[in-house]
Amino acid sequence: MQNIDLSKSANNTNSEVRNSVKKYALPAFVSAVVALVAGGVFAVNATPANITVCAAKNSGAMRYSPSGACKGAKETKLVLGQQGPAGATGATGATGATGPAGATGSNATQSFFEIKTSSYTLALADAGKFLFSRSSPTIVVPNNSAVAFPIGTKIDIGQLGATTANIIFVNPNSGVTINDQALNSAGTAVSQTFDRGAFQIGVLVKVGTNEWLFLRSPDENSSTS
């Protein structure tokens, strides 16, 4: 009977397998990778990250180079998986249109007006103002049909007279009610007044169509007889 060396057979088989892989499988793998790269497909997380392929200059045939080296005179080296150089920076986009300007903020300074006549009827332009006098005028609050102040209108009034004779009177016109209006000894409504002294201040606030509230510090004498 003929003896068969199994170790030699195994070695020969392994050698043949390795040669087949080099001859058929590896070129097929390289060709597949080249085709993927040429077709715009990039494999992520490949191991190794880069592979080297050598292309014969005379025939164009390619082979995988595990060492990463090619025959300089006969082959062209191609590294697959390498990142190309960064492209040029694109042009800057056009500047967007400027947004509309915001509303102007309110001025902290209050408009004011000095009353120098003996009688003064409130006008629509007095809304929100500070009215003052150094004499003793009568301020007339007009009917809504004559001057339609918006409800909520506020008008500040200051008595700046230097003597006790300089008293400002606030008089409601026909059909107008001023809350907390002073009464004379007969119980008849009379002009609302400030205290009999200088440097008093009060505020008129419109709370209804023909109804106003007159707020002031307590008066020593707020009515006339």
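In case you missed it, the structure is sitting above this.
Criteria and thresholds
- Residues numbered from 1 in each chain as written.
- Predicted model: local features only at pLDDT ≥ 70, side-chain atom pairs only at ≥ 80, totals over all residues.
- Heavy atoms only, no water.
- Helix = DSSP H or I, 4+ residues; strand = E, 2+ residues; numbered from the N terminus.
- Buried < 20%, exposed > 50% of the residue type's maximum accessible area, 1.4 Å probe, protein only.
- Contact = heavy atoms within 4.5 Å.
- Pairing = 2+ DSSP bridges.
- Core = buried A, V, L, I, M, F, W, Y, C linked by side-chain atoms within 4.5 Å.
- Axes fitted to C-alpha atoms, helices over the stretch in contact; angles between N-to-C directions.

Side note on the environment of Pro142
Reasoning step 1: Tracing the backbone shows Pro142 in the loop between strand 7 (138–141) and strand 8 (154–159).
Reasoning step 2: Judged by relative accessible area, which is 4%, Pro142 ranks as buried.
Reasoning step 3: Contact partners of Pro142, with chain neighbours within four places excluded, come to Thr121, Leu122, Val147, Phe149, Asn173 and Val176.

Here we look at the pairing of strand 13 (residues 211–216)
Reasoning step 1: Where strand 10 (residues 177–179) and strand 13 come together, three bridges link them in parallel fashion. Bridge assignment links Ile178 to a residue of strand 13, and that residue is Trp212.
Reasoning step 2: Counted between consecutive antiparallel strands, the loop separating strand 12 (residues 200–208) from strand 13 contains two residues.

Comments concerning the nonpolar core
Reasoning step 1: Membership of the largest hydrophobic core comes to 18 residues, with the highest contact counts inside it found for Leu122, Val141, Ile157, Leu204 and Trp212.
Reasoning step 2: Leave out the neighbours within four places in its chain, and Ile157 touches Phe130, Leu131, Ile139, Ile168, Val170, Phe194, Gln200, Ile201, Gly202, Leu204 and Phe214.

Focus: the sheet that holds strand 1 (residues 51–56)
Reasoning step 1: An order of 2-1-3 is seen for the three strands of this open sheet, with the pairing classed as antiparallel. With partners counted over all chains shown, the strands left at the sheet margins are strand 2 (62–65) and strand 3 (75–80), one partner each. Taking the axes of each pair of neighbouring strands and ignoring which way they run, one obtains an average angle of 30 degrees across the sheet.
Reasoning step 2: Inspection of the sheet shows strand 1 paired to strand 2 by four bridges, in the antiparallel sense. Opposite Val53, over in strand 2, you have Tyr64 as the bridge partner.

These values are about where atoms sit, not about what they do.
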